[in-house]
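Analysis of the macromolecular model
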Amino acid sequence: MTSILQIKDLSKNFGGLAAVDAVTLNFEEGRVHAIIGPNGAGKTTLINLLSGDHKPSAGRILFKGKDITTKPPEAISQLGIGRSYQKTNIFPSLSCLQNCWLAAQSRLRSSMRFFRPAEAYDDVRSRAELALEMCGLTGRRDTIASEMSYGEQRQLEIGMMLATEPEVLLLDEPLAGMGTEEATQVISLLRTLAQSHTLILIEHDMDAVFAVAEMLTVMVNGQVLETGTPDQIRASKAVREAYLGEDMEEMTP
Amino acid sequence: MSRVFANPTNLFLLTALAMLAAFPWFGESFYVGLVVRIMILGILAMSLDLLIGYTGLVSFGHAAFFGLAGYLLAIVTPETGPVSIWYALPVCLGGAALAALVIGWFSVRTSGIYFIMITLAFAQMLYYFFNENMELGGSDGIFIFYKPSVAIGDFQILDLGDHTTFYYFVLVSLILVYALLRVILNAPFGQVLRGIKINEARTQALGFSTFRYKLASFVIAGTIGGYAGFLEATHNGIMSPDFLGWHKSGSIMMIVILGGIGTLWGAVVGAFAMVFLQDWFQELTTHWLLLMGGFVIFVVLFLPRGIAGLVESFSAFLTRAVSRASDKDAP
Ligand SMILES: Nc1ncnc2c1ncn2[C@@H]1O[C@H](COP(=O)(O)OP(=O)(O)O)[C@@H](O)[C@H]1O
Ligand SMILES: [Mg+2]
C-alpha cells in the first residue's frame, strides 16, 4: 500500500493550547482511515490543517510525496482533497442544486467566464445532479437549503464535497445530527465511496466507525494515542483506559 | 391577459423604459438634461451594486473611478478642439480599470470595516491629489471645452453636443450596461460572486481563488464607474474634485440602498428617487439633508430591499390577485 497523505510532526497551537501536538500519520491510498477521540481531542483541527483552512504551527503535510503544508484551501481542493464540515457550512439561501452547482463548477478549468450562461454548461449540471443523487437529495433539488432539516443539510454538505470530484475525502462527523434512516443511507454511501476513494473519517458513532474503517487512529489531547486496525484498537489496553471504556465493552464480541 | 401580467415587474420596467425613450419628445430641455444626469448616476450606482449587492464588497470609495475618468477626459481634451472618442474612451476606461486594479489589489483581501476604510482612504488620496493640483484647476476644477467627437475619418457619426443625441447615447449606454451586468451575473463568473457574497470561506474551500474573483469584480465595477465618469464629464463640461469626494461615494451608496441592494435595476430607480427627493426636500427646508438622512433610515428599517423590493412585492401581489380572479372565471 502506498501512502497518499503523510503528516509529519504536525502541530497547531491556539495561544498556549496545543490543539494538535506533533502528530505523525500515514494515510494509505484507497483506505478508510477513521480518527476517533473525545471532544476537544483535536480531530477537527487536524482536518482543518489537511484542508488548508488552518496553517500549521509546525510540521509538514505531504500529498503524493509533494509538500502541501502552506497551500491555501482552494489549491488543496484543486489537488483533489475534498472536505465536509462538522459545523454545517453551506450556502443557506441557495437551493440544493445551486449549492452543488457551484461546487461542480469549481472543476471547470476557470470560472472567469463572463458571457455564456452558467446553465449552458451541461457537464457542470450533470456533475451537480449526480452529487445530489449520491447524497440522496434528488427529491430536494429545488428546495432552499435553509428550509431543510438539519440532517438533510448534513447530506447536502456531503453532496457539495462530492460535486468537486475529490480523490481524498475528509469527513468531519458526517453522521452528526442525522436521523437513523438518513445515517443508514450515508453509511452505505460511505461504503460505496470507499471502493474508489481514500476516506479520512472522523465519527463519534462507534458502530459506523467499526462498520467502515480499515484503519483507526485514537487521538487524545492533540496527540495520537494509538493507530492500528480495528482489531488492534479493540485490543489496546491504552485505548481502553484512556478513552473507549464502556463503549468498547459493547463493541467487543 | 394573465400572460401579460405574468410578471408585472417586467411590465413596470418596460413602461419606465418606454417613458424614458419618449421623454425628449415632450420634456422641457432643463428636465431632459436632468434625466441625463440621473441616468448617468444610475449607471454609476449599478456598478456599485455589482460590488455591494452581488459580491458583498461594501466600497466607500467608488466615486474615485467616476472622478478619475472624468479628469482623464479633461486632460486629453485639447483647448483648441475636440478629442476623438476612439482615443478618449480607452484612456478613460483604461485609467479607471488600472486604478481599480491597484486599489482592489490592496483592498479586496480585507473585509468588513477594513475594506470600507481602505477604499475610502484611496478615494480621499485621489481627491487630495486633484484638489491640490493647480495645473488641473485645484478645487475649482477644470473645463472640458469640447465634447469628444464620434467620427470615422471626416464623417461624423454622432454629435454628442446635440442634447437629444446625447440623451439617447446615455440611454443606450444605460441599457447596455444593465444587459452586460445581467449577462456576467448569469455566467459562471456570477455564480462564483454569489457564492462569495453568501459564504466566502466555503467558496474558497470548494476550490475557488476568491481573491481573484473579487478583484475581477472590483475592476469591472471600477471600469463601468469610469464610463459613467466619462459620460458625466462630457455632459457637464467641467470636472472638479467634488466628483470624487467621499460625499459623492456616500451618495452613490445611498442610491443603491434606496433602490434596493442586489437588484441592479433598483439602482437606476434609486437614482431617480434620490434626485427627486433631494429636489423636493430642498424646497421644503434648508436642512434638507436631515430629511434625506431620515428617509434613508426609514428605508433601511422598513424596506430592506428598497424600492425595487417594494415593486416586486406589489408585483407578486398583483400576480396572485390576477390568478385568483382567473380561477373564479374558470368553469
Ligand atoms: N479556532 C480556534 N481557536 C481557538 N481554539 C480552538 C480553535 N479551534 C479549536 N480550538 C480548541 O482546540 C481544541 C481541539 O478542538 P477540536 O479540534 O475542535 O476538537 P475535536 O474536533 O476533536 O472535538 C479544543 O480545546 C478547542 O477548544
Ligand atoms: Mg470536531
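That block above? That's the structure.
Let me begin by describing the structure that accompanies this report. The structure presented is a predicted model; accordingly, all values stated were derived computationally and were not measured.

1. Brief notes about the coordination of the magnesium ion (ligand 2)
Ideal geometry at a metal centre gives angles of 109.5 degrees when four donors are arranged tetrahedrally and 90 or 180 degrees when six donors are arranged octahedrally. Residue and element names in this part refer to chain A. Protein coordination at the magnesium ion (ligand 2): the donors are Thr44 (OG1) and Gln86 (OE1), at 2.0 to 2.2 Å from the metal. Placement of Thr44 in helix H1 (residues 43–50) and of Gln86 in the loop between strand S6 (81–84) and helix H3 (96–105) is noted, with a sequence separation of 42 residues between them. The exposure class assigned to Thr44 is partly exposed, which follows from its relative accessible area of 26%. Taking relative accessible area as the criterion, Gln86 reaches 29% and is therefore assigned partly exposed.

2. Here we look at the sheet that holds strand S4 (residues 58–63) of chain A
All names here are of chain A. Ordered by their spatial adjacency, 4 strands build an open sheet running S2-S1-S4-S5, and the pairing between neighbours is antiparallel. With partners counted over all chains shown, the strands left at the sheet margins are strand S2 (17–28) and strand S5 (66–67), one partner each. Strand direction decides the pairing type here: strand S1 (residues 3–14) and S2, joined by 8 bridges, are antiparallel. Residue pairing across strands places Gln6 opposite Asn26, the latter belonging to S2. Lying over the sheet, H1 contacts S1, S2 and S4, oriented at roughly 115 degrees with respect to S1.

3. Regarding the site of ligand 1
Residues and elements named next belong to chain A. Lining the immediate environment of ligand 1, one finds Phe14, Leu17, Ala19, Pro38, Asn39, Gly40, Ala41, Gly42, Lys43, Thr44 and Thr45. Within the backbone of Ala41, one N or O atom sits 3.1 Å away from an oxygen atom of ligand 1. One of the backbone N or O atoms of Gly42 is found 2.9 Å from an oxygen atom in ligand 1. Taken by itself ligand 1 offers 560 Å² of open surface, and the protein chains cover 61% of this. Of all the secondary-structure elements, those providing two or more residues to the shell around ligand 1 are S2 and H1. The residue inventory of the shell around ligand 1, partitioned by class, reads 5 nonpolar, 5 polar and 1 charged.

4. With respect to helix H6 (residues 163–186) of chain B
Over its 24 residues, H6(B) runs 35 Å from end to end, which matches the ideal 34 Å to within 8%, given 1.5 Å per residue. Every buried residue of H6(B) is listed here: B:Phe166, B:Tyr167, B:Phe169, B:Val170, B:Leu171, B:Ser173, B:Leu174, B:Val177, B:Leu181, B:Ile184 and B:Leu185.

5. Description of the interface of chain B and chain A
One frequently used descriptor of interface size is the decrease in accessible area upon assembly of the parts. The interface of chain B with chain A comprises 25 residues on the first partner and 31 residues on the second. A combined buried area of about 2,300 Å² lies between chain B and chain A, and 65% of that area is made up of carbon and sulfur atoms. The largest per-residue losses of area from chain B upon contact with chain A belong to B:Pro188, B:Arg202 and B:Leu206, which jointly make up 29% of the total buried on that side. Taken together, chain B and chain A are joined by 1 salt bridge. Between B:Arg202 and A:Glu157 there is a salt bridge, with its nearest N and O atoms 3.0 Å apart.

Reading the values: rules and limits
Residues numbered from 1 in each chain as written. Chains lettered and ligands numbered in written order. Predicted model: local features only at pLDDT ≥ 70, side-chain atom pairs only at ≥ 80, totals over all residues. Heavy atoms only, no water. Donors = N, O, S within 2.8 Å, 3.2 Å for Na, K, Ca; no water. Helix = DSSP H or I, 4+ residues; strand = E, 2+ residues; numbered from the N terminus. Buried < 20%, exposed > 50% of the residue type's maximum accessible area, 1.4 Å probe, protein only. Pairing = 2+ DSSP bridges. Contact = heavy atoms within 4.5 Å. Axes fitted to C-alpha atoms, helices over the stretch in contact; angles between N-to-C directions. Near = heavy atom within 4 Å. Polar contact = N/O pair within 3.5 Å; in protein donor to acceptor, adjacent residues only side chain to side chain. Areas by Shrake-Rupley, 256 points an atom, 1.4 Å probe, with all protein chains shown as cover. Nonpolar A, V, L, I, M, F, W, Y, C, P; charged D, E, K, R; others polar. Expected span 1.5 Å × (residues − 1). Buried area = accessible area lost by both parts, 1.4 Å probe. Salt bridge = Lys/Arg side-chain N within 4 Å of Asp/Glu carboxyl O.

Honestly, that's just the spatial picture; any functional story needs more than this.
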